[in-house]
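# Examination of the molecular architecture
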Amino acid sequence: MLFGLRTFKISVLISFSIAILTVLIFSDSTVTKTQASSGGVSSARTGAPNESTCTSCHSQNSGAGQTVIVAPANYTPGQTYQVQVQLSTTDATRQAWGFMITALTSTNVAGGSFATTSTSTRLRTITVNGGSRNYVEQSSTGTFAGQGSGASWSFNWTAPATNVGQITFYASGLLADNSGDESGDRTITATAVSQPQVAVVIHHGFTDFDGDGRADPSVFRASDGFWYLNRSTSGFTAVKWGTATDKMTPADFDGDDKADIAVWREGPANVAAFYILQSSTNTLRTEIFGQTGDDPVAVGDWDGDGKADPAVYRDSASGSQSYFYYRGSLNNPGGNITYLPFGTTGDKAVRGDFDGDGKLDAAVFRPSNSIWYILQSSNGTVRYENWGIATDKFVPADYDGDGKTDVAVFRGGVWYVKQSSNSQAAYYPWGLDSDVLVPADFDGDGKTDPAVYRNGVWYVRNSSSGSLSVMNFGIATDKPVANSFVR
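Bear in mind the structure is a predicted one, so any value in this text is a computation, not a measurement. (Residues numbered from 1 in each chain as written. Predicted model: local features only at pLDDT ≥ 70, side-chain atom pairs only at ≥ 80, totals over all residues. Heavy atoms only, no water.)

## What about the overall build of the protein chain?
Summing up its helical and strand segments, the protein chain has zero helices and 35 strands in all. Partitioning the contacts of the protein chain with sequence separation of at least 6, the portion at a separation of at least 24 is 51%. A total accessible area of about 20800 Å² is found for the protein chain, and carbon and sulfur atoms account for 50% of it. (Helix = DSSP H or I, 4+ residues; strand = E, 2+ residues; numbered from the N terminus. Contact = heavy atoms within 4.5 Å. Areas by Shrake-Rupley, 256 points an atom, 1.4 Å probe, with all protein chains shown as cover.)

Okay, structure coming up:
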């Protein structure tokens, strides 16, 4: 067919024809005569369930090329994201471009909504199998006729208002030859998946007994067996709990965002136990767990459900292999114990969520080479950090407020912190070698404050201002609760 301006032919894209060309579109078993345009089609052609692709109109030409969807791997309900469709090829005969994309839930209904951000795209709503689906496709100006190598389009996608589970993006890309007809074009489909964002549980500190986001100066007095708590919102209280030989293991075992008074008592296997005073019910919970020689530094939320799990670290549990043991509270009605081999003889267990996914990571410091070995729960890979020496005191915590535990040590009156937010070192001269270290977030700004306990006095460097805070609470022989997991 001849045209007046053959050098300026509008390419036929995504089952489109030139506005003056009448074509036959084959859709399932029905043949329909229609008038289409390079600006898009009225039929769904993404290759999604119950849809065809551009080959319904365009004869398929084999050759190199790809269609890529750039979409968020995870979505938060109601949040808007930029999405891209990218076409590329090394075939120089490809000289015009088009696409069509939709987003569907696992039940094949519309997943979210689209919005255009440039004149190169336009929106469509098409009924498929009795339901409406939302689409984005190229506009007339978005065919980029005469452009080689490829093309890309950007637009916005807003996630559904609620968690609807997995959402799949389906796109059909057309790599056309710009000849003005449907022959010799190439269709390539692609998909991308976006999962609901897993909520990261932001735990208040293990010394926040009233859930206000601030650490509470608190001590255990071995002479009378009392915990004395100076709660920043709820005021002073004293609770008799444990014995002088117990090890303090305060944590939020019941998931109410308040630290529970808790101790671990050594003993033979099937005798050693955690004794927990659950703050939500003010009742005793006993967890038979561990054995003499274990280190309860491993107590914390191992499965990300917002509740601390009974846990211990056992040096040389099997030959030279050390183990972390924990009993997860998430989907574990049988109370099964997880055995996690990590570390070797002589390693020192350290506590923290070093990757910020809301779960504790198995982590040890190896004195022989001064390296921290961290098994990141988010991806199962081991991270190595050369930080500190064998004689240091280990004070890992979130000092920069990014939701990740920073590797940190105390030596000679100085806190040495490697900040996870930027991998830069931070040094805090604070305290004496003879002080008891009590790192915690005392000012409620989401960052751990370097702090020491000395003869019943708390000396805190407030991270929010860098100023000194002095609090009198306890006596010289008390053990401050914030020191529970310092090693």
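## Digging into the pairing of strand β10 (residues 150–158)
Along a regular strand, successive side chains alternate from one face of the sheet to the other. Relative to β10, strand β5 (residues 80–88) runs antiparallel, the two being bridged by nine bridges. Opposite S88, over in β10, you have G150 as the bridge partner. One ladder, built from four bridges, connects strand β7 (residues 113–116) with β10; its direction is antiparallel. Along β10, the bridge assignment pairs T116 with F155. (Pairing = 2+ DSSP bridges.)

## Some remarks on the nonpolar core
The nonpolar side chains of soluble globular proteins are, as a tendency, buried together. Ranked by internal contacts, the top residues of the largest apolar core, which has 29 residues, are F253, F274, W302, F324 and F342. Of all elements in the fold, only β17 (261–265), β18 (273–278), β20 (311–318), β21 (321–326), β24 (362–366) and β25 (371–375) reach the threshold of two or more residues within this core. Per-element tally for this core: the top contributor is β21, with four residues. Apart from the residues within four sequence positions on either side, W302 is in contact with D309, A311, F324, Y326, L340, K359, L360, D361 and A362. Grouped together as the second largest cluster of nonpolar side chains are 24 residues, L87, A103, A151 and F155 included. (Core = buried A, V, L, I, M, F, W, Y, C linked by side-chain atoms within 4.5 Å. Buried < 20%, exposed > 50% of the residue type's maximum accessible area, 1.4 Å probe, protein only.)

## With respect to the sheet that holds strand β3 (residues 66–70)
Spatial strand order, β3-β5-β10-β7: four strands in an open sheet with antiparallel pairing. Looking along the sheet, the strands with just one partner apiece sit at the ends: β3 and β7. The mean inter-strand angle of the sheet, taken between neighbouring strand axes irrespective of direction, is 30°. (Axes fitted to C-alpha atoms, helices over the stretch in contact; angles between N-to-C directions.)

## What about the confidence of the model for the protein chain?
Across the protein chain, pLDDT averages 89, with 89% of residues at or above 70. Across residues 1–37, confidence stays below pLDDT 50; counting only partners more than four residues off in sequence or on other chains, it has 96 contacts. (pLDDT = per-residue confidence, 0-100.)

## Regarding unusual backbone geometry
Backbone geometry places N108, a non-glycine residue, at a positive phi of 65°. Structurally, N108 can be placed in the loop between β6 (96–105) and β7. Residue N108 is classed as partly exposed on the basis of its relative accessible area of 27%. Positive phi, normally seen in glycine, also occurs at N331, with a value near 50°.

## Details of the packing of aromatic side chains
Considering all chains together, one arrives at 29 aromatic pairs under this definition. An angle of 35° between the planes, with centres 4.6 Å apart, marks the rings of F99 and W153 as tilted. Of the two residues, F99 is situated in strand β6 and W153 in strand β10; the sequence distance between them amounts to 54 residues. Each member of the pair F99 and W153 is classed as buried. (Phe/Tyr/Trp six-rings, centres within 6.5 Å; stacked < 30°, edge-to-face > 60°.)

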